[in-house]
Amino acid sequence: MSKFYITTPIYYVNAPPHLGHAITSILADIVARYHRLSGKEVFFLTGTDEHGAKILRASERAGREVSSFVAEIRESFRNLSPALNLSNDDFIYTPDRKRHWPGAQKLWQKLKEAGDIYKGKYKGFYCVGHEAFVTEKDLVNGKCADHDEKPQLIEEDNYFFRLSKYTAEIKRRIESKELLILPESRRNEVLALMEGGLKDVSFSRPSQDISWGIPVPGDESQTMYVWCDALSNYISALGYGSEDETKFLKFWPADIHFIGKDILRFHAAIWPGMLLSAGLLLPRALLVTGMIQVGGRKMSKTLGNVVDPFELVEHFGADAVRYYLSREVPVFDDGDFTHEKFSRAYEGNLVNGLGNYVQRISTMVRNYFDSRLEKPAEEEILKVPLKKGEVEYVSVPYFIEKVVFPEYQKSMDNLELNRASDAVFRLLKELDGYVQHYEPFHLIETDKEKTRVVLWNLAYGAVSLAWFLTPFL
């Protein structure tokens, strides 16, 4: 059995989850379910990134001890899985000293052994909101454009990672698509970033400034910066650095990292550089999702338009939320959410579309044939073609096998989840047309045997819809 390893980002716990977190997790879950359906052994990982100055300050503002503060928000992210019916196999979090720290520290040691960790002095603007150093060109009127705050000018002794050493090799892997980045626009964005060569990156902060994190191996006066800490979750969750690395050897490299566009640079440049330095295989693909807006505006606490996925699920159910975020929102581009759009899609496509079709067919089968249909002879099936006159004797099974399934499979394999879902709902439209053409609710009065064949085709269609939608709903 072939393996498939897929991850979401590990989400930052400075606030509870919102719709943006939900969409990335749902999309990853759909791909994981599809590959299980295809017969692969799947390992699907999600989790939380809980270290850093921003988290510490948030806990202090809340008047909370940091470990209990992050544990509470962590549980809200963990609860996304049952709420959204996610099929993740594991959940990792960075303060886990038993499961995560050994892998992060082993990775640091590997980089050090490769001669790629060195100590130096860093001076620059540090944005607490980003948990990162920014340049003057990133500022607008002296403030961070995203957080509207002036960054701190910091000068300190740090450890650095020699990322510049790996620019050419990372670029080669991306250009050859050994490291596939989707969509193409994001791939081009990363390659443009590399034109001037990658710069070495600060890899630690003084522990007196950031005490909430993993100590640098051999130097507890420094705390690992987010890169070596958070990014290593993808291998620490598999047991890298533990006494038993069987799962790591089996599942690494990742087949897909699902990420948001705001963390593309870290995953497309810093993470590959770390893996190359450590002598580890690179992930096969990065799938970069867009952002979801609310009524055309970015979700923001200030604007008061943050959408709570738990409230949506409570009102409409998990399947409705999964449907909207996987079909009505583009995978690769920014999408928009309003309660009006959501309700319209839910009522139109799930309730009046899919739900109505299944209810009508099952009711007729129950009422006319005591809930039991056996497969008719092939020649009988061919006598009730799906499209009379357009293609002679096209049965429902033939249409599904030769037309719908190839399009569905190609779209899923290419991670075009919207198109795969569209193919399924086009099938539903064809089946509705089939009902209207043969009118089994009238046909039963004059030809019971033909009605039996018609309903068998329609039931076959319903079961096929269920199979196709298994990853989605």
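Cut-offs used in this document
Each chain carries its own residue numbering, running from 1 in the written order of its sequence. Reporting of local features is limited, given that this is a predicted model, to residues whose pLDDT is at least 70; pairs of side-chain atoms are given and counted only at 80 or more, and all residues count toward the totals for whole chains, interfaces and linings. Excluding hydrogens and water, the side-chain figures rest on all heavy atoms present in the structure. A run of H or I in DSSP becomes a helix once it reaches four residues, and a run of E becomes a strand once it reaches two; helices and strands are each numbered from the N terminus. Whether a residue is buried, partly exposed or exposed follows from its accessible area with a 1.4 Å probe, protein chains only, as a fraction of its type maximum: under 20%, in between, or over 50%, in that order. The contact rule is simple, with two residues in contact once any of their heavy atoms fall within 4.5 Å. Methods summary: accessible areas were calculated by the Shrake-Rupley approach with a probe of 1.4 Å, and residue burial reflects only the protein chains presented. None of His or the chain ends enter the tally, which takes Lys and Arg as positive and Asp and Glu as negative. The atoms used to mark charge sites are NZ of Lys, CZ of Arg, CG of Asp and CD of Glu. Between Lys or Arg on one side and Asp or Glu on the other, a salt bridge is scored when a side-chain nitrogen of the former is within 4 Å of a carboxyl oxygen of the latter. Each axis is a line fitted through C-alpha atoms, taken for helices only over the stretch in contact, and angles between the N-to-C directions span 0 to 180 degrees. For classification, angles of less than 35 degrees are called roughly parallel, those exceeding 145 degrees roughly antiparallel, those between 65 and 115 degrees roughly perpendicular, and all remaining angles oblique. Note on convention: near helix rotated counterclockwise from far helix by under a right angle means a left-handed crossing. Clockwise means right-handed. Amino acid classes used here: Ala, Val, Leu, Ile, Met, Phe, Trp, Tyr, Cys and Pro are nonpolar; Asp, Glu, Lys and Arg are charged; the rest, including Gly, are polar. One requirement defines pairing of two strands: DSSP has to find at least two bridges between them.

Thoughts on the overall build of the chain
Each helix and strand counted, the chain has 19 helices and 18 strands in total. Seen along its three principal axes, the alpha-carbon backbone of the chain occupies a region of about 90 × 45 × 40 Å. Taking all 473 residues of the chain together, the buried fraction comes to 54%. Taking the intrachain contacts of the chain between residues at least 6 apart in sequence as the baseline, contacts between residues at least 24 apart amount to 76%. Roughly 21700 Å² of accessible area belongs to the chain as shown, and the carbon and sulfur atoms make up 49% of that amount. Computed over 59 positive and 66 negative side-chain charges, the separation of the two mean positions in the chain equals 2 Å.

So, the pattern of salt bridges
Think of it this way: side chains of opposite charge can pair up when their charged atoms draw near. Applying the stated criterion to the full structure yields 31 salt bridges. Ionic pairing is found between Glu380 and Lys383, a salt bridge with its closest N-O pair at 3.3 Å. Judged by its relative accessible area of 53%, Lys383 is exposed. Between Arg426 and Glu407 there is a salt bridge whose closest N-O contact spans 2.1 Å. Here Arg426 is found in helix α17 (residues 417-438), whereas its partner Glu407 is found in helix α16 (residues 396-413), with 19 residues between them in sequence. Looking at Arg426, the relative accessible area reads 42%, which means it is partly exposed. Given a relative accessible area of 26%, Glu407 falls into the partly exposed group. The network of salt bridges with common partners includes Glu169, Arg172, Arg173 and Glu178.

Some points on the packing of α17 against helix α19 (residues 448-469)
As a packed pair, α17 and α19 sit with axes 10 Å apart at the nearest point and diverge in direction by 165°. Classified by the angle between their axes, α17 and α19 sit roughly antiparallel to one another. As α17 runs across α19, the sense of the crossing is left-handed. Residues Val424, Phe425, Leu427, Leu428, Leu431, Tyr434, Val435 and Tyr438 of α17 form the contact with α19, whose own contacting residues are Lys450, Val454, Asn457, Leu458, Gly461, Leu465, Phe468 and Leu469.

Digging into the packing of α16 against α17
Describing two packed helices takes the angle between their axes plus the distance from one axis to the other. Between α16 and α17, the shortest axis-to-axis distance is 7 Å and the interhelical angle comes to 165°. Relative to α17, the element α16 is oriented roughly antiparallel. Our pair here, α16 against α17, has a crossing hand that is right-handed. Residues Val396, Phe399, Ile400, Val404, Glu407, Tyr408, Ser411 and Met412 of α16 pack against Leu417, Arg419, Ala420, Ala423, Val424, Arg426, Leu427, Glu430, Leu431 and Tyr434 of α17. Broken down by class, the residue content of the contact of α16 with α17 amounts to 13 nonpolar, 1 polar and 4 charged.

Focus: the sheet that holds strand β16 (residues 292-294)
On the basis of which strands lie adjacent, the open sheet formed by 3 strands has the order β17-β16-β18 and mixed pairing. Each edge of the sheet is formed by a strand with only one pairing partner; in this case those strands are β17 (297-298) and β18 (335-337). When β16 meets β18, the two strands line up parallel, connected through 3 bridges. Across the sheet, Gln293 pairs through a bridge with Asp336, a residue of β18.

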